[in-house]
Number of protein chains: 2
Amino acid sequence: MVVVGGGVIGLACADELVMAGHDVTVCDPRPGGGSTYAAAGMLAPGGEAWFGEEALLRLGIDSLARWPAFAASLAERSGHHLDLRSTGTVLVAADRDDLAEVHRACRLLDASGVRVEELDRRALRAAEPMLSGRVVGGALLPDDRHVNPRRVADALLAVLGDRVVRARATPEPDGVVLDDGSRLRAEVVVLATGATGMPHVRPVRGEAVRLRSRPSPARVLRARVHGERVYVVPRAHGELLIGATEEEHPADDGDPLPTLGGVARLLETARALIPGLATAELLEVVARDRPGSPDNGPLLGPVPGTGSARLVLAGGHHRGGVLLAPVTAATVRAHVDGLAVPPAAQAFNPQRFDRPNDTDRHTDRDTDRNEEPCA
Amino acid sequence: MVVVGGGVIGLACADELVMAGHDVTVCDPRPGGGSTYAAAGMLAPGGEAWFGEEALLRLGIDSLARWPAFAASLAERSGHHLDLRSTGTVLVAADRDDLAEVHRACRLLDASGVRVEELDRRALRAAEPMLSGRVVGGALLPDDRHVNPRRVADALLAVLGDRVVRARATPEPDGVVLDDGSRLRAEVVVLATGATGMPHVRPVRGEAVRLRSRPSPARVLRARVHGERVYVVPRAHGELLIGATEEEHPADDGDPLPTLGGVARLLETARALIPGLATAELLEVVARDRPGSPDNGPLLGPVPGTGSARLVLAGGHHRGGVLLAPVTAATVRAHVDGLAVPPAAQAFNPQRFDRPNDTDRHTDRDTDRNEEPCA
């Protein structure tokens, strides 16, 4: 079978299918070079939770539980260190309005069974002494983890070896056709092309900045700074990822490139949150398009093909691709092999978008879509 | 003879000496990779003028006059396009305090024979419609030029060909010794190593940002924005250079790397000056150490050597290396060949720092060293 797309999703699916005994080829002109390359790697189902997206929160909690075994197996087989950390997430509010949003998010998470410990200003600064003296409060989500997505992609590429072909592939009735006109026949084609080339998926541009700073925060910080959201993710060797802007772009808007305005906002917000970062070294500025879906949930499952090949979608993961890679791989494998789909993944069959009047999943949404409760 | 250092200064000196019939080798581990790589290429003697630095202003005016012939010869011989432009500099003030500084600079320049045309708010925005509506006034320096320093270095490297050796060289009594222990004998060694390895020279770190924006300003802008200084230099293909921070660093402070604080300040200041740049693509962030000298003037001429090789300094150009390259090359060649040194360069003999009580050159300084009058 062929997996089209070599980001963390396509590679995790391919690895799962190989381990299940299938003969797999992954096609991507630049494996690991898409949104995986810019991803923060926060394994934080609560950080992304919306009112009305309880199904997505359950999917994230399911996938988070799979991460330790997924990472251990991958690290063992590849010999790579993935920099998986279990230090939790600290939510931070810079003013009273920001704090109201943090409290609102905490109530939602608590109601969904996510462990939450509220932190007053003193406890917050004791936990993260680099925070500005002006922060007003926050919370700790002790069960969140994070990982370095570039290392995950490198490890998956290492275990997949020459099963990965550096070429663009397009599905056709009995397999895929490559850029050079050559064809790969396949009974199953898994489509994991990220922000482009997936039905129902649109690009949502994001910018992030990679820094080096010593000292560095100990935990992932997700902050609201006077309404601006920013996250700070510590990695090995004093590296930090600061992200991320979010901007809708037309699909034909060219390669994502960081903009002056987006990067300026990230840097200013990060500096307001952690004044000591002013002297941090700026290592890299990166922009990529996330794969956004109509309901923010991924598309996991078969769609009607046009020929003999079965087409299985693994896409639309928006800001959750790294977190959701293990459950996505398990779900795709279940669809391919006719096994039971993980219960948390059943709500994310792509067929939900082919029934235009079925909006039941969304009737419990009680908040404005453009306002994110959590950090 | 050997030129140690392959920045714009070392390369221009080597080219001049080759054209004068000398056998020249240039040694640099990364030619064109030092401060030349980050330089804005403003050929603007007035832009850098200080009260008390009339001698430096005269040197800049002399070198600016040499630029058209220098560039024409280099472009002709190399076949490279240097992107030399003669559109002048626009000085911009964002508030009344900024404007007082611009007016003060204009009086100094006018008194030194530099053409200056003051612009009121309306004339300023007519000249550069992308400027913020909040600017209060400025001036046009119509005789300033600018050039792309990376193209100048590439063109010089092309004409010098295999005379450039990619190795670090250290002067010794009868020539230089390279990193690999091999020796080049030379009767004359020209030392043009920039921010490190030059007597009397200290590193002054600078950060700059390269953008792409269409539309783009038509001219070089040198602005004061509520006391923050920023320049915007347009280049070919919609590229813009935004610079530059200035920060003293100890010489052993490691490779220059851009910092979050410095880059954030540049981006915010540029955006306040030209709101339309918010959507500009951020192409590159760069940091390099400028070669600062005790009196901001370059060191042009012989110093006592320790053996048979004569040692000629060509360094300490601070923020004026690109502007001063032609007059530096002519001055070095004059010292090597026993010709008359250009009159404007006579004040910049390195011996001035070996007479500790001779401070006559500076008695007319009547302003605070840390306050720059011009943009």
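Before reading further, recall that the structure is shown in the block above.
Procedures and definitions
Residues numbered from 1 in each chain as written. Chains lettered and ligands numbered in written order. Predicted model: local features only at pLDDT ≥ 70, side-chain atom pairs only at ≥ 80, totals over all residues. Heavy atoms only, no water. Axes fitted to C-alpha atoms, helices over the stretch in contact; angles between N-to-C directions. Helix = DSSP H or I, 4+ residues; strand = E, 2+ residues; numbered from the N terminus. Parallel < 35°, antiparallel > 145°, perpendicular 65-115°, else oblique. Contact = heavy atoms within 4.5 Å. Nonpolar A, V, L, I, M, F, W, Y, C, P; charged D, E, K, R; others polar. Phe/Tyr/Trp six-rings, centres within 6.5 Å; stacked < 30°, edge-to-face > 60°. Buried < 20%, exposed > 50% of the residue type's maximum accessible area, 1.4 Å probe, protein only. Lys NZ or Arg CZ within 6 Å of the ring centre and 35° of its normal. Buried area = accessible area lost by both parts, 1.4 Å probe. Salt bridge = Lys/Arg side-chain N within 4 Å of Asp/Glu carboxyl O. Polar contact = N/O pair within 3.5 Å; in protein donor to acceptor, adjacent residues only side chain to side chain. Pairing = 2+ DSSP bridges. Expected span 1.5 Å × (residues − 1). Bend = angle between axes of the 7 residues up to and from the residue.

## Some thoughts on the packing of helix H3 (residues 54-78) of chain B against helix H8 (residues 321-337) of chain B
Residue and element names in this part refer to chain B.
So, point 1. Orientation of H3 relative to H8, taken along the N-to-C sense of each, is 85°, at an axis distance of 7 Å. Classified by the interaxial angle, the pair formed by H3 and H8 is roughly perpendicular. Listed contacts from H8 to Leu56, Leu59, Gly60, Asp62, Ser63, Leu64, Arg66, Trp67 and Phe70 of H3 are Val322, Leu323, Leu324, Ala325, Pro326, Val327 and Ala330.
So, point 2. Per-class residue counts for the contact of H3 with H8 are 12 nonpolar, two polar and two charged.

## Things to note about the packing of aromatic side chains
Residue and element names in this part refer to chain B.
So, point 1. On inspection of all chains with the given rule, the structure shows two aromatic pairs over all chains.
So, point 2. On the basis of an interplanar angle of 80° and a centroid distance of 4.9 Å, the ring pair of tryptophan 67 and phenylalanine 70 is categorised as edge-to-face. Taken as a pair, tryptophan 67 and phenylalanine 70 lie in helix H3 at a separation of three residues, close to a single helical turn. Like phenylalanine 70, tryptophan 67 is buried.
So, point 3. Note that arginine 150 overlies the ring of tyrosine 37, its terminal NZ or CZ placed 3.5 Å from the centroid.

## Focus on the interface of chain A and chain B
So, point 1. Across the boundary between the two partners, chain A contributes 20 residues, which contact 20 residues of chain B.
So, point 2. Carbon and sulfur atoms supply 71% of the area that chain A and chain B bury against each other, a total of about 1600 Å² over both sides.
So, point 3. Broken down residue by residue, the surface that chain A buries against chain B is led by Leu260(A), Leu267(A) and Leu282(A), which jointly contribute 36%.
So, point 4. If you look at where chain A meets chain B, you find zero salt bridges.
So, point 5. Taken together, the connections running from chain A to chain B amount to six residue pairs in polar contact (both at pLDDT 80 or more).
So, point 6. Elements supplying a minimum of two residues to the side of chain A that touches chain B: helix H7 (260-273) and strand S18 (281-292) of chain A.
So, point 7. By residue number, the principal contributor to the side of chain A that touches chain B is H7(A), which donates 10 residues.
So, point 8. Counted by class, the side of chain A that touches chain B contains 12 nonpolar, four polar and four charged residues.

## A look at the sheet that holds strand S8 (residues 164-165) of chain B
All names here are of chain B.
So, point 1. In spatial order, the strands read S8-S2-S1-S12-S20-S19; together these six strands make up an open sheet with mixed pairing. Of all strands in the sheet, those bounded by a partner on one side alone are S8 and strand S19 (299-303).
So, point 2. Both strand S2 (residues 25-27) and S8 contribute to a ladder of two bridges, which runs parallel. Paired with cysteine 27 across the two strands is valine 165, which belongs to S8.

## Observations regarding the pattern of salt bridges
All names here are of chain A.
So, point 1. Going through the model one piece at a time under the given rule, you end up with 38 salt bridges over all chains.
So, point 2. The partner of arginine 212 in a salt bridge is glutamate 239, with the nearest N and O atoms 3.9 Å apart. Of the two residues, arginine 212 is situated in strand S13 (residues 202-212) and glutamate 239 in strand S16 (residues 239-243); the sequence distance between them amounts to 27 residues.
So, point 3. Several salt bridges share partner residues, and in doing so they unite Arg150, Arg210, Arg212, Glu239, Glu281 and Glu284 into one network.

## Some words on H3(B)
All names here are of chain B.
So, point 1. With 25 residues, H3 extends 35 Å from end C-alpha to end C-alpha; this agrees with the ideal 36 Å at 1.5 Å per step.
So, point 2. The largest bend in H3 amounts to roughly 40° and is located at tryptophan 67, with the proline proline 68 lying one to four residues further along.
So, point 3. Directly after H3, the chain includes glycine 79, whose backbone phi takes a positive value near 75°.

## Side note on unusual backbone geometry
So, point 1. Of note, the amide linkage connecting Gly243(A) to Ala244(A) takes the cis form, showing an omega dihedral of -15°.
So, point 2. Its place among the elements puts Ala244(A) in the loop between S16 and strand S17 (247-248).
So, point 3. The peptide bond linking Arg214(B) to Pro215(B) adopts the cis configuration, its omega dihedral lying at -5°.
So, point 4. Looking at where Pro215(B) falls in the secondary structure, it is placed in the loop between strand S13 (202-212) and strand S14 (220-225).
So, point 5. In this structure, His200(A) takes a positive phi of about 70° despite not being glycine.
So, point 6. Tracing the chain through its elements places His200(A) in the loop between strand S12 (188-191) and S13.
So, point 7. Taking relative accessible area as the criterion, His200(A) reaches 34% and is therefore assigned partly exposed.

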